[in-house]
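If you want the building blocks of each chain, they are given just below.
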Amino acid sequence: MEINKGKPFFIYLPSNAPHSPIYVDEKYAKPYQHLKVKEIVNPEFYGMITNIDENFGKLEKLLKKKKLADNTTLIFMTDNGTSDGISKDG
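This one's a predicted model, so the numbers in the text were calculated from it and none came from an experiment. (Residues numbered from 1 in each chain as written. Predicted model: local features only at pLDDT ≥ 70, side-chain atom pairs only at ≥ 80, totals over all residues. Heavy atoms only, no water.)

**Regarding the overall build of the protein chain**
For the protein chain, the count of helices and strands is 2 helices and 0 strands. Per-residue burial over the protein chain gives 17% buried out of 90 residues. If you take every contact in the protein chain between residues at least 6 apart in sequence, the share linking residues at least 24 apart comes to 56%. A total of about 7,800 Å² of accessible surface is found on the protein chain, and carbon and sulfur atoms cover 56% of it. (Helix = DSSP H or I, 4+ residues; strand = E, 2+ residues; numbered from the N terminus. Buried < 20%, exposed > 50% of the residue type's maximum accessible area, 1.4 Å probe, protein only. Contact = heavy atoms within 4.5 Å. Areas by Shrake-Rupley, 256 points an atom, 1.4 Å probe, with all protein chains shown as cover.)

**Digging into the pattern of salt bridges**
Pairing is possible between side chains that carry opposite charge, provided their charged atoms lie close to one another. Overall, the coordinates contain 1 salt bridge when judged by the stated rule. In this structure, the salt-bridge partner of glutamate 54 is lysine 58, at a minimum N-O distance of 3.6 Å. With glutamate 54 and lysine 58 both in helix α2 (residues 43-65) and 4 residues apart, this pair spans about one turn of that helix. Glutamate 54 sits in the partly exposed class, given a relative accessible area of 32%. (Salt bridge = Lys/Arg side-chain N within 4 Å of Asp/Glu carboxyl O.)

**A look at the packing of aromatic side chains**
What the rule picks out here adds up to 3 aromatic pairs. Here the aromatic cluster, defined as three or more aromatic residues joined through ring pairs, consists of Tyr32, Phe45 and Tyr46. (Phe/Tyr/Trp six-rings, centres within 6.5 Å; stacked < 30°, edge-to-face > 60°.)

**Some remarks on a nonpolar patch on the surface**
Taken together, the side chains of Phe9, Ile11, Leu13 and Leu68 define a hydrophobic patch exposed on the protein surface, amounting to about 450 Å² of accessible area. Assignment of secondary structure puts leucine 68 in the segment after α2. Residue leucine 68 is classed as partly exposed on the basis of its relative accessible area, which comes to 31%. (Patch = residues over 30% accessible without salt bridge, like charges linked within 9 Å, V, L, I, M, F, W, Y side chains within 5 Å.)

**Here's the deal with α2**
Taking 1.5 Å per residue as the helical rise, α2 with its 23 residues ought to reach 33 Å, and the 33 Å between its terminal C-alpha atoms agrees with that figure. Every buried residue belonging to α2 is among Pro43, Phe45, Gly47, Met48, Ile52 and Leu63, and all of these are buried. Lining the buried residues of α2 we find α1 (26-29). Trailing α2 by a residue or two, lysine 67 shows a phi angle of about 60 degrees, which is positive. (Expected span 1.5 Å × (residues − 1).)

Here it is in structure tokens:
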């Protein structure tokens, strides 16, 4: 039995990602390593974004599996900023 099945609910899920501290599994940063220094400052920053994308997809999949997606408003927000995400010279 699921508690409160069929009743409205609210989830607020804050995250520091993609800001410091920049901790991310190497599998997420690895695709960006070749861009380090020349094009980007911190591959781990972009790895965090990739991790966010993956987990957001998991959340959407769960909502569909539980038949909640059609009656759910899902909002993703950021501060539109960067921290170590761009090259210092351009």
